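Remarks on the overall topology
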Amino acid sequence: MVTLESWGRLSREQHQLITLQPALLAQQLNSNQPGICFGNGRSYGDICLNPGGTVWLTRSLDKLLSFDEQTGVLRCQAGVLLRDIQRTLLPRGWMLPVTPGTQLITVGGAIANDVHGKNHHRLGSFGDHVISLRLLRTDGSVLQCSATDAADSHSGMMLRATIGGLGLTGVITEAALQLRLVGSDWLDTDTIAYQSLDEFFELADASESNWEHTVSWIDCLSGSNGRDVRGIFLRANHSNQQTAAHTPVTRRRNQSKTQPSIPFTPPLSLVNRLSLRPFNALYYRLQARKQGPGRAHYESFFYPLDALQHWNRMYGPRGFYQYQCVLPGAASHEGIAAMLDTIRASGDGSFLAVLKTFGQRAAPGLLSFPMPGATLALDFPNRGHKTLRLFERLDAIVRDCQGRIYAAKDARMPRELFEAGYPALETFLHYRDPGISSALSRRLLGS
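Residues numbered from 1 in each chain as written. Predicted model: local features only at pLDDT ≥ 70, side-chain atom pairs only at ≥ 80, totals over all residues. Heavy atoms only, no water.

1. Some words on the overall build of the protein chain
Along its length, the protein chain carries 13 helices and 20 strands. Against the 2.2 N^0.38 benchmark of 22 Å for 447 residues, the protein chain shows a C-alpha radius of gyration of 21 Å, consistent with a compact globule. Over its C-alpha atoms, taken along the principal directions, the protein chain stretches across nearly 60 × 50 × 45 Å. Buried residues in the protein chain amount to 57% of all 447 residues. Accessible area of the protein chain: about 18000 Å², with a carbon and sulfur share of 53%. Within the protein chain, one finds 45 positive and 38 negative side-chain charges whose respective centroids are separated by 7 Å. (Helix = DSSP H or I, 4+ residues; strand = E, 2+ residues; numbered from the N terminus. Rg over C-alpha atoms; globule rule 2.2 N^0.38 Å. Buried < 20%, exposed > 50% of the residue type's maximum accessible area, 1.4 Å probe, protein only. Areas by Shrake-Rupley, 256 points an atom, 1.4 Å probe, with all protein chains shown as cover. Lys, Arg positive; Asp, Glu negative; His and termini not counted. Charge placed at Lys NZ, Arg CZ, Asp CG, Glu CD.)

Here's what the structure looks like:
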């Protein structure tokens, strides 16, 4: 038994670790003790944990199996990191159509959480680009699921259950992904400082037609109310120019062994009431100076936190929660403002506060998180009951707006809110693998 934790570092409990081997997969999964897959450990909450039980380590399934230069179809094992796909195939002009805020996650994890990026209004979520996958069930059966299967067939429904399925339908061993052509590994960007929530929504609406990638950082402690917050709006398109033609230029981050790192866990969270307000103010001023057009390397634009190793340690020994929700349609304006008012009234706040919009595209998975509306993601140091009481107040707003919380980031969502937010849950349960269980599934599903 080995101590294991997720990226939020909220708990450190004993697990039995089994490194999956391609030749032994069926035997390794066929046991009387339910398990859950663990990729690169970048999930924030308890979706990848199984305290006192078995965890199947998938990083050993790390092979790129084939790539078609003409069509952009990649076949790979589920333990491959998104970073390795990007760095291998971008020199050939191909990259993943959708990636989240880190590329240090596995393909299997990206599918199981149906991750999204900054371009949902154009290209949807990760699951929209899964052509097929190979799924190994704990009873030894193997399913080949394809996006070309009839939607109401068993394999078609199994694919929809597995995309965003929290790792509970089986072990993804291989996948075929559709990549996209790009002209270079650079993006043409535009940075805009804004002064209100209404201005954010105006920018988001105006940017969708001409910009593929849109996202915003907000200073959730600024202003006098939830509508009065300031922030930085970023938008970008892929560039066809390989070299930087104009300034300012965000250069490729240092990929050497001297990459910056937080070397140890401080005794107290570095994100606290004393540091947060001046830190947010400084960050806003620095980013506001970059207003206007620029160019950025894809790694610095899409994955800024990957440049700092072990950044999760800055929250101290008690760890941190990430709270991400999506509020639908017209309810998103008032709902986001109410959430920011609630956060301000609590005296807490978040430095890593991201606000963006989702497009109208239908979700590919039964339990996929995105839906049309606005999504707010915030990180909070773990202050025990005080933090949990704040979340209860935020939950009430999400419930009233008929929104949902992202299970991939969650460590404490109440079961009734999960059930209300995911109306296809009953259908999903028919496709669950009974030999798979996690801390999250026991908390939200009872087993």
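Next comes the rest of the write-up.
2. Points about the pattern of salt bridges
Within this structure, the stated rule accounts for 23 salt bridges. In this structure, arginine 227 and aspartate 198 form a salt bridge, with 2.8 Å as the shortest nitrogen-oxygen distance. With arginine 227 in the loop between strand 13 (213–219) and strand 14 (230–238) and aspartate 198 in helix 6 (residues 197–207), the pair connects residues that are 29 residues apart, well separated along the chain. Each of Arg273, Asp348, Arg383 and Lys386 takes part in one network of salt bridges that share partners. (Salt bridge = Lys/Arg side-chain N within 4 Å of Asp/Glu carboxyl O.)

3. Describing helix 9 (residues 331–346)
Its 16 residues place the ends of helix 9 22 Å apart at the C-alpha level, agreeing with the 22 Å of an ideal helix rising 1.5 Å per residue. Regarding helix 9, the residues found buried are Ser332, Gly335, Ile336, Ala337, Met339, Leu340, Thr342, Ile343 and Ser346. Looking one or two residues past helix 9, glycine 347 carries a phi angle of roughly 85°, positive in sign. (Expected span 1.5 Å × (residues − 1).)

4. Describing the confidence of the model for the protein chain
The predicted model of the protein chain has a mean per-residue pLDDT of 94, with 97% of residues at 70 or higher. When the criterion is pLDDT under 50, residues 244–256 qualifies, and its contacts beyond four places in sequence or with other chains add up to 31 contacts. (pLDDT = per-residue confidence, 0-100. Contact = heavy atoms within 4.5 Å.)

5. Observations concerning helix 6
Every buried residue belonging to helix 6 is among Leu197, Phe200, Phe201, Leu203, Ala204 and Ser207, and all of these are buried. The buried residues of helix 6 occupy an angular sector of 160° when projected down its axis, which confines them to one face. Among the exposed residues of helix 6, those oriented more than 90 degrees off its buried face are Glu202, Asp205 and Ala206. (Arc of directions from axis to C-beta.)

6. Comments concerning the sheet that holds strand 4 (residues 54–57)
Strand order across the open sheet formed by 4 strands is 1-2-4-3, with mixed pairing between neighbours. In the strand order of this sheet, the two ends are held by strand 1 (2–4) and strand 3 (35–38), each with one partner. Sheet twist, expressed as the mean angle between neighbouring strand axes with direction ignored, is 50°. Across 4 bridges, strand 2 (residues 13–19) lies against strand 4 in parallel orientation. Counterpart to isoleucine 18 in the pairing with strand 4 is tryptophan 56. (Pairing = 2+ DSSP bridges. Axes fitted to C-alpha atoms, helices over the stretch in contact; angles between N-to-C directions.)

7. Digging into the pairing of strand 18 (residues 353–358)
Residues in a regular strand point their side chains to alternate faces of the sheet. With 5 of its 6 residues buried, strand 18 lies for the most part within the structure. Pairing of strand 13 with strand 18, which is carried by 2 bridges, proceeds in the antiparallel orientation. Along strand 18, the bridge assignment pairs serine 216 with leucine 355. The pairing of strand 18 with strand 19 (residues 373–381) spans 6 bridges and is classified as antiparallel. Paired with valine 354 across the strands is alanine 377, a residue of strand 19.

8. Focus on the layout of surface pockets
Its volume calculated, the second largest pocket comes out at about 230 Å³. Lining of the second largest pocket is provided by Glu5, Ser6, Trp7, Arg9, Asn40, Gly41, Arg42, Thr265, Gln309, His310, Asn312 and Arg313. (1 Å grid on protein atoms, 1.4 Å probe; cavity = no way out; pocket = protein on both sides within 12 Å on 5 of 7 lines; lining within 4 Å. Points joined across faces, edges and corners; volume = space filled by probe spheres on them.)

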